[in-house]
Amino acid sequence: SARVMIRSVEPLGTTPAIKQVFDLGQAELGSGLDVASTPSSVAVGFIRAGDLRIKRFDIGGDNSVAPIPLQTIAWNDVNTPQMAARGKRLVVAYSDAGKVRVKTSGDLGQTFGSLRTLANTGGVKNPSVPWSIDVSGNRLVATVGVYSKAAGKVTPVRMTSSTFGQKWSKRTFGNVGA
């Protein structure tokens, strides 16, 4: 059984205002787990039976923590979730049968928009994988390991969107840096 501790950040040597442990139930921790938070919300993405589950928690002004029911947002052969949150926006990238997919939410994960594919190469045995994702307003930036069957390796690619995930552009790192 997997657990998550939600703890507020306080000055060294002081007692945290929030320190609670919550049971997530069964989880395939070898398949990845990620956490994204804002001052009023925490989201935990993890894998159970090959499906991507999101467990959310609302943080009240009185430091109360309210768990929100578990939600499944992707099914079968899913792993390596990467998440980011800012304001009311939550972004989740993951490997789905070796392809990198992204879902976006404008309400901190209550609902998710349409699925977008960032890397369409790779498979279950040789997957493309998300390494990171970040959000600032409508801008999203992801670093993706794109598998090339011809080269037999994964190459890092920087993916960006200025439309909150509706359209994406990509650039290999090469000699131009990040």
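See the structure printed just above.
Values in this document were obtained by computation on a predicted structure and should not be read as measured data.

Here we come to the nonpolar core. For soluble globular proteins, nonpolar side chains are generally found buried alongside one another. Ranked by size, the top nonpolar core spans 16 residues in total, and within it Val91, Leu118, Ile133 and Val144 carry the most contacts. Among the secondary structure elements, those contributing two or more residues to this core are β8 (89–96), β9 (99–105), β10 (116–119), β11 (129–136), β12 (139–148) and β13 (153–161). Examining the composition of this core, we find that four residues originate from one element, β12, more than from any other. Not counting chain neighbours up to four residues away, the residues in contact with Leu118 comprise Val100, Val102, Ala142, Val144, Met159 and Trp168. Membership of the second largest hydrophobic core comes to 14 residues, among which are Ala43, Val78, Met83 and Tyr94.

This part covers the side chain of Ser161. With respect to the helices and strands, Ser161 occurs in strand β13. The exposure class of Ser161 is buried, given its relative accessible area of 2%. One polar contact links the side chain of Ser161 to the main-chain amide nitrogen of Thr163, over a distance of 3.2 Å. Setting aside anything within four residues of it in sequence, one finds Ser161 in contact with Asn138, Arg139, Leu140, Gln166, Lys167 and Trp168.

What counts and what doesn't
- Residues numbered from 1 in each chain as written.
- Predicted model: local features only at pLDDT ≥ 70, side-chain atom pairs only at ≥ 80, totals over all residues.
- Heavy atoms only, no water.
- Core = buried A, V, L, I, M, F, W, Y, C linked by side-chain atoms within 4.5 Å.
- Buried < 20%, exposed > 50% of the residue type's maximum accessible area, 1.4 Å probe, protein only.
- Helix = DSSP H or I, 4+ residues; strand = E, 2+ residues; numbered from the N terminus.
- Contact = heavy atoms within 4.5 Å.
- Polar contact = N/O pair within 3.5 Å; in protein donor to acceptor, adjacent residues only side chain to side chain.

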